[in-house]
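# Descriptive analysis of the structure
What follows is the residue order along each chain.
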Amino acid sequence: MEVTVKPKIWKKLEDAAANYPMWVAAIGGKMGESTSNGFVLSEPNIQVFERKAKEPKPEAGE
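Quick caveat: nothing in here was measured; it's all calculated off a predicted structure.

A separate point is the overall build of the protein. Looking only at helices and strands, one finds one helix and two strands in the protein. Ordered by position from N to C terminus, the α and β elements of the protein give α-β-β. For 62 residues, the compact-globule estimate of 2.2 N^0.38 gives 11 Å, and the C-alpha radius of gyration of the protein, at 17 Å, exceeds that figure by more than 25%. When its C-alpha atoms are laid out on the principal axes, the protein stretches across 55 × 25 × 15 Å. The proportion of buried residues among the 62 residues of the protein is 6%. Carbon and sulfur atoms provide 54% of the accessible area of the protein, an area that totals close to 6,000 Å². Placing the 9 positive and 9 negative side-chain charges of the protein at their respective mean positions leaves the two points 7 Å apart.

This is how it looks when you write it as structure tokens:
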């Protein structure tokens, strides 16, 4: 898979990697033309969120 994004979107990803110990990105856009490997994502948008670790649940009976 290959992705090309604008510098502004790339900066969002770099900032997330530098500032969050765990992060996740939601990628959206319009399906464009088909390629030999898939398709072109027209008008791509990426939202980056910090991912927080889940607290362990206490076991029953303790």
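There is more to say, and it comes next.
On to the pairing of strand S1 (residues 23-35). On a regular strand, each side chain points to the face opposite its neighbour's, so the side chains alternate between the two faces of the sheet. Sheet analysis places S1 next to strand S2 (residues 38-50), joined by ten bridges and oriented antiparallel. Residue pairing for S2: Lys 30 is matched across the bridge by Ser 42.

Moving on, we come to the environment of Val 3. By the element assignment, Val 3 lies in the segment before helix H1 (7-19). In this structure, the C-alpha to C-alpha distance between Val 3 and Leu 41, residues 38 residues apart in sequence, is 8.9 Å.

In this structure, Glu 43 takes a positive phi of about 50 degrees despite not being glycine. Note that Glu 43 resides in strand S2.

Structurally, the position occupied by Leu 41 is in strand S2. On a C-alpha basis, the gap between Leu 41 and Lys 30 in space is 5.7 Å, while along the polypeptide they are eleven residues apart. Here Leu 41 is in contact with Ile 27, Gly 28, Gly 29 and Lys 30, once residues within four sequence places are set aside.

The next subject is H1. Along an α-helix, residues three or four apart share an orientation, since each turn contains 3.6 residues. The first and last C-alpha atoms of H1 sit 18 Å apart over 13 residues, in line with the 18 Å expected at 1.5 Å per residue. Those residues of H1 that fall on the buried side of the exposure criterion are Ile 9, Leu 13 and Ala 16. Angular distribution of buried residues about the axis of H1 spans 60 degrees; they occupy a single face of the element. Exposed positions of H1 whose direction lies more than 90 degrees from the buried face are Pro 7, Lys 8, Ala 18 and Asn 19. Where H1 is buried, its residues touch S1 and S2.

The rules we used
Residues numbered from 1 in each chain as written. Predicted model: local features only at pLDDT ≥ 70, side-chain atom pairs only at ≥ 80, totals over all residues. Heavy atoms only, no water. Helix = DSSP H or I, 4+ residues; strand = E, 2+ residues; numbered from the N terminus. Rg over C-alpha atoms; globule rule 2.2 N^0.38 Å. Buried < 20%, exposed > 50% of the residue type's maximum accessible area, 1.4 Å probe, protein only. Areas by Shrake-Rupley, 256 points an atom, 1.4 Å probe, with all protein chains shown as cover. Lys, Arg positive; Asp, Glu negative; His and termini not counted. Charge placed at Lys NZ, Arg CZ, Asp CG, Glu CD. Pairing = 2+ DSSP bridges. Contact = heavy atoms within 4.5 Å. Expected span 1.5 Å × (residues − 1). Arc of directions from axis to C-beta.

These values are about where atoms sit, not about what they do.
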